[in-house]
Amino acid sequence: MSLADAFDAIASAISSDADRKDAIKKGGAIFAFTLKNPAGEQKEWYIDLKKSGTLGKGSAPEGEKADVTMVLSDADFTKLVAGKANAQNLFMTGKLKVKGNVMKATKLDPILKKAQNKAKL
């Protein structure tokens, strides 16, 4: 699974109105991801589960601020979305760093689980 595939799976998991509203209700935050590739280059993405239920490039939607930022390698992120890695294990082993509201980070789990199911289809 590539990085693009991972974000496509997440977008697919919140594509319908019902799924988006449910994700906003469960998430209630803007989640930012700082992803590093093996060459050390960083890319930023966000998932807005506070208002719009959208995702995009950058640290947050324009005029907004992320509630929580997760820093990890792009390889670990794709494993996380594919269900081949566990966020708790990545955090405990130092492969996932969380800035901001750590408790909000746990709210992303149901959305990632739904993305895993979409990725397997």
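Up top is the structure.
The structure displayed is predicted, hence computed values, not measured ones.

Enquirer: Quick question: what am I supposed to make of the side chain of Gln116 here?
Expert: If you trace the backbone, Gln116 turns up in helix α6 (residues 109–120). Setting aside chain neighbours within four positions, we find Gln116 in contact with Leu80, Val81, Ala82 and Gly83.

Enquirer: What is the right way to look at the packing of helix α1 (residues 3–13) against helix α3 (residues 74–82) in this model?
Expert: Axes are the key here: two packed helices are described by the angle between their axes and the distance separating the axes. The geometry of α1 relative to α3 is characterised by a closest axis approach of 9 Å and an angle of 35 degrees between their N-to-C directions. Note that α1 runs across α3; the crossing there is left-handed. Note on element contacts: α3 touches α1 through Asp74, Phe77, Thr78 and Val81, opposite Leu3, Ala6, Phe7, Ala9 and Ile10. For the contact of α1 with α3, the class distribution of residues is seven nonpolar, one polar and one charged.

Enquirer: How should the pattern of salt bridges be read in this particular structure?
Expert: Side-chain pairs of opposite charge can arise where the charged atoms are in close proximity. Tallied over the entire structure, the rule returns six salt bridges. One salt bridge connects Arg20 with Asp17, and the closest N-O pair in it is separated by 3.0 Å. Here Arg20 pairs with Asp17, and both are found in helix α2 (residues 17–27), just three residues apart, close to one helical turn. Overall, Arg20 belongs to the partly exposed group, its relative accessible area being 23%. For the salt bridge of Lys113 with Asp109, the shortest nitrogen-to-oxygen distance reads 3.6 Å. Taken as a pair, Lys113 and Asp109 lie in helix α6 at a separation of four residues, close to a single helical turn. For Asp109, a relative accessible area of 36% translates into the label partly exposed.

Enquirer: For this particular structure, what's the right way to read the pairing of strand β3 (residues 54–57)?
Expert: Within a regular strand, the side chains alternate between the two sheet faces. Direction of pairing for strand β2 (residues 42–48) relative to β3: antiparallel, over a ladder of four bridges. Looking at the pairing, Tyr46 lines up with Gly56 of β3. Between β2 and β3, which pair antiparallel and follow one another directly, the connecting turn spans five residues, one of which, Gly53, has a positive phi of 70 degrees.

Calculation criteria
- Residues numbered from 1 in each chain as written.
- Predicted model: local features only at pLDDT ≥ 70, side-chain atom pairs only at ≥ 80, totals over all residues.
- Heavy atoms only, no water.
- Helix = DSSP H or I, 4+ residues; strand = E, 2+ residues; numbered from the N terminus.
- Contact = heavy atoms within 4.5 Å.
- Axes fitted to C-alpha atoms, helices over the stretch in contact; angles between N-to-C directions.
- Left-handed = near helix turned anticlockwise from the far one by under 90°.
- Nonpolar A, V, L, I, M, F, W, Y, C, P; charged D, E, K, R; others polar.
- Salt bridge = Lys/Arg side-chain N within 4 Å of Asp/Glu carboxyl O.
- Buried < 20%, exposed > 50% of the residue type's maximum accessible area, 1.4 Å probe, protein only.
- Pairing = 2+ DSSP bridges.

That's the geometry; what it means functionally is another story.
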